[in-house]
Number of protein chains: 2
Amino acid sequence: MTNAAHSQSSADTTSSTAPQAAPLETLLALVKQDLQQVNETIIERMQSPVALIPQIAHHLISAGGKRLRPLLTLATARLCGYQGSDHIKLATCIEFLHTATLLHDDVVDESDLRRGKSSANAIWGNQTPVLVGDFLFSRAFELMVEVGHLPSLGILARASSVIAQGEVLQLLTANDTTTDEDAYLQVIQGKTAELFGAACKIGGEVSASPADQVQALYDYGNYLGIAFQLVDDYLDYAADQETLGKTVGDDFREGKMTLPIILAIAAAKTTGKDDELAFWNRTMEHLEQTDDDLPHALSLMKAYDTLEATRVRAREYGTRAHQALSGFPDGPYRRALAEVVDFCIERAY
Amino acid sequence: MTNAAHSQSSADTTSSTAPQAAPLETLLALVKQDLQQVNETIIERMQSPVALIPQIAHHLISAGGKRLRPLLTLATARLCGYQGSDHIKLATCIEFLHTATLLHDDVVDESDLRRGKSSANAIWGNQTPVLVGDFLFSRAFELMVEVGHLPSLGILARASSVIAQGEVLQLLTANDTTTDEDAYLQVIQGKTAELFGAACKIGGEVSASPADQVQALYDYGNYLGIAFQLVDDYLDYAADQETLGKTVGDDFREGKMTLPIILAIAAAKTTGKDDELAFWNRTMEHLEQTDDDLPHALSLMKAYDTLEATRVRAREYGTRAHQALSGFPDGPYRRALAEVVDFCIERAY
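All values derive from a computational prediction rather than experimental measurement.

Draft legend 1. Representation of the overall build of chain A within the structure. Counting its regular elements, chain A contains 18 helices and zero strands. Expressed as a percentage of the 349 residues in chain A, the buried residues total 62%. The contacts in chain A between residues at least 6 apart in sequence include a share of 78% that link residues at least 24 apart.

Draft legend 2. The relation of the copies chain B and chain A, seen in detail. For the pair chain B and chain A, the best superposition has an RMSD of 0.0 Å and corresponds to a rotation of 180 degrees with a translation of 0.0 Å parallel to the axis. The two molecules are tied by a two-fold rotation axis, judged by turn and shift. A shared binding surface is used by both copies, with 100% of the interface residues of chain B retained as interface residues in chain A.

Draft legend 3. The packing of helix α5 (residues 68-79) of chain A against helix α6 (residues 86-105) of chain A, seen in detail. Residues and elements named next belong to chain A. Axis separation between α5 and α6 bottoms out at 8 Å; the angle between their running directions is 155 degrees. By the angle between their directions, the pair α5 and α6 is classed as roughly antiparallel. The chirality of how α5 crosses α6 is right-handed. Listed contacts from α6 to R69, P70, T73, L74, A77 and R78 of α5 are H87, I88, A91, I94, E95 and H98. Of the residues belonging to the contact of α5 with α6, the class tally is six nonpolar, three polar and three charged.

Draft legend 4. Focus on the interface of chain B and chain A. Every contact between the two is made by 44 residues of chain B and, on the other side, 44 residues of chain A. Contact between chain B and chain A buries roughly 3900 Å² in total, counting both sides, with carbon and sulfur atoms accounting for 71%. The three residues of chain B that bury the most area against chain A are Q127, L131 and Q165 of chain B, which together make up 17% of that side's buried surface. Linking chain B with chain A are zero salt bridges, by the criterion used here. Run the count over chain B and chain A and you get 10 residue pairs in polar contact (both at pLDDT 80 or more). For the side of chain B that touches chain A, the elements supplying multiple residues, two or more each, are α4 (52-61), α7 (110-115), α9 (127-147) and α10 (150-173) of chain B. If one sorts the elements of the side of chain B that touches chain A by residue count, α10 of chain B sits on top with 14 residues. Taken together, the residues of the side of chain B that touches chain A sort by class into 22 nonpolar, 13 polar and nine charged.

Draft legend 5. Spotlight on unusual backbone geometry. Residues and elements named next belong to chain B. Phi at N175 is positive, roughly 65 degrees, even though this residue is not glycine. Tracing the backbone through its elements, the reader meets N175 in the loop between α10 and α11 (181-206). Its relative accessible area of 24% is what places N175 among the partly exposed residues. Notably, A208 is not glycine yet its phi reads approximately 50 degrees, a positive angle.

Draft legend 6. Quick peek at helix α5 (residues 68-79) of chain B. All names here are of chain B. A rise of 1.5 Å per residue sets the reference length of α5, with its 12 residues, at 16 Å; its end C-alpha atoms lie 16 Å apart and thus fit the reference within 8%. Of all 12 residues making up α5, 11 are buried, and the element is well covered by its neighbours. Every buried residue of α5 is accounted for by L68, R69, P70, L71, L72, T73, L74, A75, T76, A77 and L79. Taken from the residues just after α5, G81 is the one with a positive phi, measuring 80 degrees.

Definitions and cut-offs
- Residues numbered from 1 in each chain as written.
- Chains lettered and ligands numbered in written order.
- Predicted model: local features only at pLDDT ≥ 70, side-chain atom pairs only at ≥ 80, totals over all residues.
- Heavy atoms only, no water.
- Helix = DSSP H or I, 4+ residues; strand = E, 2+ residues; numbered from the N terminus.
- Buried < 20%, exposed > 50% of the residue type's maximum accessible area, 1.4 Å probe, protein only.
- Contact = heavy atoms within 4.5 Å.
- Least-squares fit on C-alpha atoms with pLDDT ≥ 70 in both.
- Axes fitted to C-alpha atoms, helices over the stretch in contact; angles between N-to-C directions.
- Parallel < 35°, antiparallel > 145°, perpendicular 65-115°, else oblique.
- Left-handed = near helix turned anticlockwise from the far one by under 90°.
- Nonpolar A, V, L, I, M, F, W, Y, C, P; charged D, E, K, R; others polar.
- Buried area = accessible area lost by both parts, 1.4 Å probe.
- Salt bridge = Lys/Arg side-chain N within 4 Å of Asp/Glu carboxyl O.
- Polar contact = N/O pair within 3.5 Å; in protein donor to acceptor, adjacent residues only side chain to side chain.
- Expected span 1.5 Å × (residues − 1).

Below is the structure:
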């Protein structure tokens, strides 16, 4: 489970060098000055008299992320014609909340520690990163209070609570081979899509847009987030053949119930393959795995075409994200936001 | 370090059966109906479709705590003549923030797990309690947004960030025998006194009191919090002779630099006792301890009277807390708040 946010994070990072990064570059060019101010605000507001705090925060925040979530806030605010400067602080809040989530998502239990982790926790243990996450979380709320915009505060407070619930739900579904697609969607809605939705909704709220536009922006972000996570979970198994520098099968080794496996188990049930069900039970439920198991798991996913099915689902949510933008007038920001959807999905190829 | 909040928590719990609980009973009688509403709000707002969340929250929140911090918000609001109902939700926020802190403070690293912990983490591991802490933290902010009172939001956002910084500082001073009294005060200011101060300040803000009264309430809570933590750290070594049901020397075993030890090391330096400095270095810095070491540490604290000196410091801060109340007219609430100070200090006897 700890890799959920990690795979998001690493995907953010690695894909920036891939050829399909062009769409984000369109957006980056449009909000270049805003983003520069966000970066300055991030550096300024992660400071603390306790020097270790900015050091750890820096470790994650500056780890080459392309700031996808704050970019969404900047772009949706501009899409709605916003002329003020509050979106800078609000976009910073989004990045702080995301980083706090990453830090808390990395908390490991004894068994995980034995496996070794290349995260903030591997360097500083569990305790300090959790507290630094709390610090960033608090700083986000301090920034929001400075802006003094209660609707934005409400959106982000609610998003935080939905994220925490989604993360707990993910822990509960781990190693549980009865997890179905609905439960999976509930998990990724909480752990990923809600913050994407909130990042976009805030762009609409801060520019005092009509309620239907604000809702459309939330829907856009929300569907984009679901598509983003579906592709992430697809890439966890498919990336070896198609992209470089990604470890395949982390989710398998952790017994994380993502869609490619959920669909493979459903297919085994439908076709009455007891040997396959026994395989999934042993490897996912009991985490009893040998070196041959990941290749076998991949062959089962291939046999039932569940990786492709996962990618198809991502495209469906991408289409919904596109549709959510249809009510906005054509222009550079709408086009850039549409390209973000394609970027998030295309990185699967 | 994980025991910092724990010892607060256990002190909250155990002392409610001690004879000196009477002062809190005065306060409890005054705000009985308000507190009933706070308890109902706590139960209502810790609910989640993810059933494990209220289960874990309940484990801590209902663990017999006497709700000292939310009581301070209720009492200070009434002291200022507040007639509304927002103080109920704000007091609930204070309890949620406190509980979130306890959950995060209990995060353990591998070494701690080996020692075994009787905390939420011992039952549910590290990950879930951290996420439940985040959930309560978020719920606190959702409640504040409902109240819609920006000054209170600012106070609590700031308090949260100060608390996180204080906790990190405590981790940094652990096992560091060069920690002096100033650094120690900075730690307990952050990890304990700030939330006491914020709880009281909010009572003044929600009743729209003049700035000097709001500041006086913050000072009262802040000094009370410092005294409270000083007594806690005193009791960690002194409780065996005087109270029942408390494990002595947890702080020693963790290498936590609290005032009784800081003063003993300072005395050894002043008197040039190299053997004592070597003892503290071995036991606190390197955590190389035998069964004879705690009794020896206690004998050194006794020789330099550092436990009594710690209690004297607590009384000094208690006096300052009393003085902070002097500007308020005499009446049942002021008297009850004054009695809280005596209660927090007297529990040392």
